[in-house]
Amino acid sequence: MRLRRGEGLLFLLLLAAYGWLFVFFERINNPNELVRVYAARALAEEHTWSIGRREIRLGRFVDAGRIHSEWGYVNDKALACDVPGERPPRCTGRLFAAKAPAASLLGAPVLMVLRAFGPLKKTPAVFALRWLCVILPSAVFWILLRRWMLDSGVQENAALVSTLAGALGSLSLTYGQMFAGHQMAALALGAAFLCASWGSFRPFWVGFFCALAVALEYPSAPAAAILVAAALLRHRRGGLRLSLGALPWMLVLAQFHWSAFGAPWSTPYGHLENPAFVRDIAPGLMGISAPSWERIYGSLFSPWLGLFFWAPWTALALLAPRWLRRFDLVPVAVVAYYLVFQITHALWRSGWTVGPRYITPVAPFAAMSVALVVREAPRLLPMLRGLGAAAVATTGLASAVSQGFPLEVINPLREVVGPLLAHGYVPRNLLQWLGVPGLWSALPYFVALAAAIALILQRSAVAIAVAAAVIGIQWAAPPGDGLGAVHFLAAQWEPDPPPGARPFTER
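Residues numbered from 1 in each chain as written. Predicted model: local features only at pLDDT ≥ 70, side-chain atom pairs only at ≥ 80, totals over all residues. Heavy atoms only, no water.

This part takes up unusual backbone geometry. A cis amide bond, omega 5°, links Pro88 with the succeeding residue Pro89. Of note, Pro89 is situated in the loop between strand S3 (77-81) and strand S4 (93-97). Of note, the amide linkage connecting Asp496 to Pro497 takes the cis form, showing an omega dihedral of -10°. Considering the arrangement of structural elements, one finds Pro497 in the segment after helix H23 (484-491). Backbone geometry at Asn29 places phi at a positive 60°, although glycine is not the residue there. (Helix = DSSP H or I, 4+ residues; strand = E, 2+ residues; numbered from the N terminus.)

Moving on, we get to the sheet that holds S3. Spatial ordering of the open sheet is given by S2-S1-S4-S3, a layout of 4 strands whose pairing is antiparallel. Every other strand in the sheet has two partners, leaving strand S2 (60-64) and S3 as the edge strands with one partner each. Taking each pair of neighbouring strands and ignoring which way they run, the sheet shows an average axis angle of 35°. Inspection of the sheet shows strand S1 (residues 52-57) paired to S2 by 5 bridges, in the antiparallel sense. Looking at the pairing, Arg53 lines up with Ala64 of S2. Contacts from helix H11 (residues 239-261) reach S3 and S4, with the element oriented near 155° to S4. (Pairing = 2+ DSSP bridges. Axes fitted to C-alpha atoms, helices over the stretch in contact; angles between N-to-C directions. Contact = heavy atoms within 4.5 Å.)

Quick look at the state of the cysteines now. As enumerated under the stated definition, the model contains 1 disulfide in all. Across the disulfide, Cys81 is cross-linked to Cys91 (sulfur-sulfur distance 2.0 Å). Measuring the twist about the S-S bond at about -70°, one finds the Cys81-Cys91 disulfide to be left-handed. Remark: Cys91 occurs in the loop between S3 and S4 and Cys81 occurs in strand S3; sequence separation between them is 10 residues. Taken as a pair, Cys81 and Cys91 share a single burial class, namely buried. Cysteine Cys133 is unpaired, with the sulfur of Cys195 as its nearest cysteine sulfur at 19 Å. Free cysteine Cys210: the closest other cysteine sulfur is in Cys195, separated by 9.1 Å. Since its relative accessible area comes to 3%, Cys210 is described here as buried. (Disulfide = S-S within 2.5 Å. Buried < 20%, exposed > 50% of the residue type's maximum accessible area, 1.4 Å probe, protein only.)

Let us look at the packing of aromatic side chains. One pass over the full model with this rule turns up 26 aromatic pairs. Judged by centre distance (6.1 Å) and plane angle (80°), the rings of Phe193 and Phe365 are edge-to-face. On the criterion of sequence distance, the pair formed by Phe193 in helix H8 (residues 181-197) and Phe365 in helix H17 (residues 362-376) is long-range, its members being 172 residues apart. Each ring, one from Phe208 and one from Phe209, has its centre 5.4 Å from the other, and the planes form 90°; the classification is edge-to-face. Here Phe208 falls in the buried class, since its relative accessible area comes to 19%. Grouping aromatic residues by their ring pairs yields a cluster made of Phe204, Trp205, Phe208, Phe209 and Trp249. A cation over an aromatic ring shows up here: Arg41 above the ring of Trp71, its NZ or CZ 4.6 Å from the ring centre. (Phe/Tyr/Trp six-rings, centres within 6.5 Å; stacked < 30°, edge-to-face > 60°. Lys NZ or Arg CZ within 6 Å of the ring centre and 35° of its normal.)

Turning our eyes to something else, we now look at the pattern of salt bridges. Counted under the stated rule, the structure contains 23 salt bridges. The partner of Arg54 in a salt bridge is Glu273, and the shortest N-O contact between them spans 2.7 Å. Of this pair, Arg54 sits in strand S1 while Glu273 sits in the loop between H11 and helix H12 (275-280), and the two are 219 residues apart along the sequence. Summarising the burial analysis for this pair, Arg54 and Glu273 share the class buried. One continuous salt-bridge network, built from bridges that share partners, spans Arg5, Glu7, Arg146, Arg147 and Glu156. (Salt bridge = Lys/Arg side-chain N within 4 Å of Asp/Glu carboxyl O.)

In structure tokens form, the structure reads like this:
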């Protein structure tokens, strides 16, 4: 990819923000990421989807197999019982990742190469998978999305603000640093949109990326359907080539389901081995039920999860129908689907997270939407600048210390983020490895965030006032009473404590 004027510095800024800090704590054993890593290792070493077996030993069910014996327990599994008619978890059988399979399949070649340098270790495997499968693709994608904005008539300053807000002031930053399906599905859906709406129509690749998104995250299916329908309605051709493009990933899904669970339509959700997860998705149809005020407030406005709390600029996407027409509304339709999904799903709380992680694909499509809105209504640009800068500041600080906060945390900024940074707790990075202590080792990351905020604000008095007001509201939101969450996270730090940090006296 040949870089245009100004893209080189933007690319370096994105790489510093996404990749400088290695936010990974092996003792927390994040199942959302690691179960996919386990499956990638099973494919790379044993050429099977199965990550182990559930066996009975001394009257107890235990997880067995080479990967479990070397890397330990991991949650978020599916269990295919040996005896027909038996149901998890009270059975023996093969264990699988309870996730769509594409992330692990894409990661397997990376681990095959890494394995040539010695036995696979968990932490280096996660590092390599993040960089090659998520961080680098994310930086490239945001460069391409900015190009699409410019070619769609968005002014250069508005395109830059929309790009930086989307890339660094949203879920994209947090989950663009994790080998999980959220960001990868967002990239696949975004790529499908670009193949349908930018330059010449490429129906094969529209189908390919839409199917890939579904194979990365099952809830991507309605969003992929929106993109496919819009592409066919707009161009009125290419249906066969689109279907051929989707075929490879549809075959991957069918093969995984059939080999693991006995039928092409049988997903891991029907074979969850954790009874608590089964209970969590039990309400409604496939976990979908009528929204409630608790879900709406919690998902959109609350300081512990809310999309508009962490990325307030995304609310401007909801103004798009006032100015945009026809196919310019396709990104808005994708945003609308994910918002409806979030407030109707039984798992709306999302577990340990920074923002509602299940709807990470909102970020690029909201960025597209607000860019087009500002193209039609330039007077909204100062508001976008202020909201975007506030989002980069808060999301950037939160993502510097964790990719998820315990459920009991009410305001992560005040309860966890502030105390950890004040004590000098910084994740592993190159300067820390070279002996630079405390927050100084994270300087390239904070410089990237500061540069992004400066580029967004551009000395606009209105934008600065909006950003200051929003940041004040975010930090003023009442915290919870306890200190258990920050002490727990500090105790998981690697190294414990990090160089130059001031340890917490009580844990």
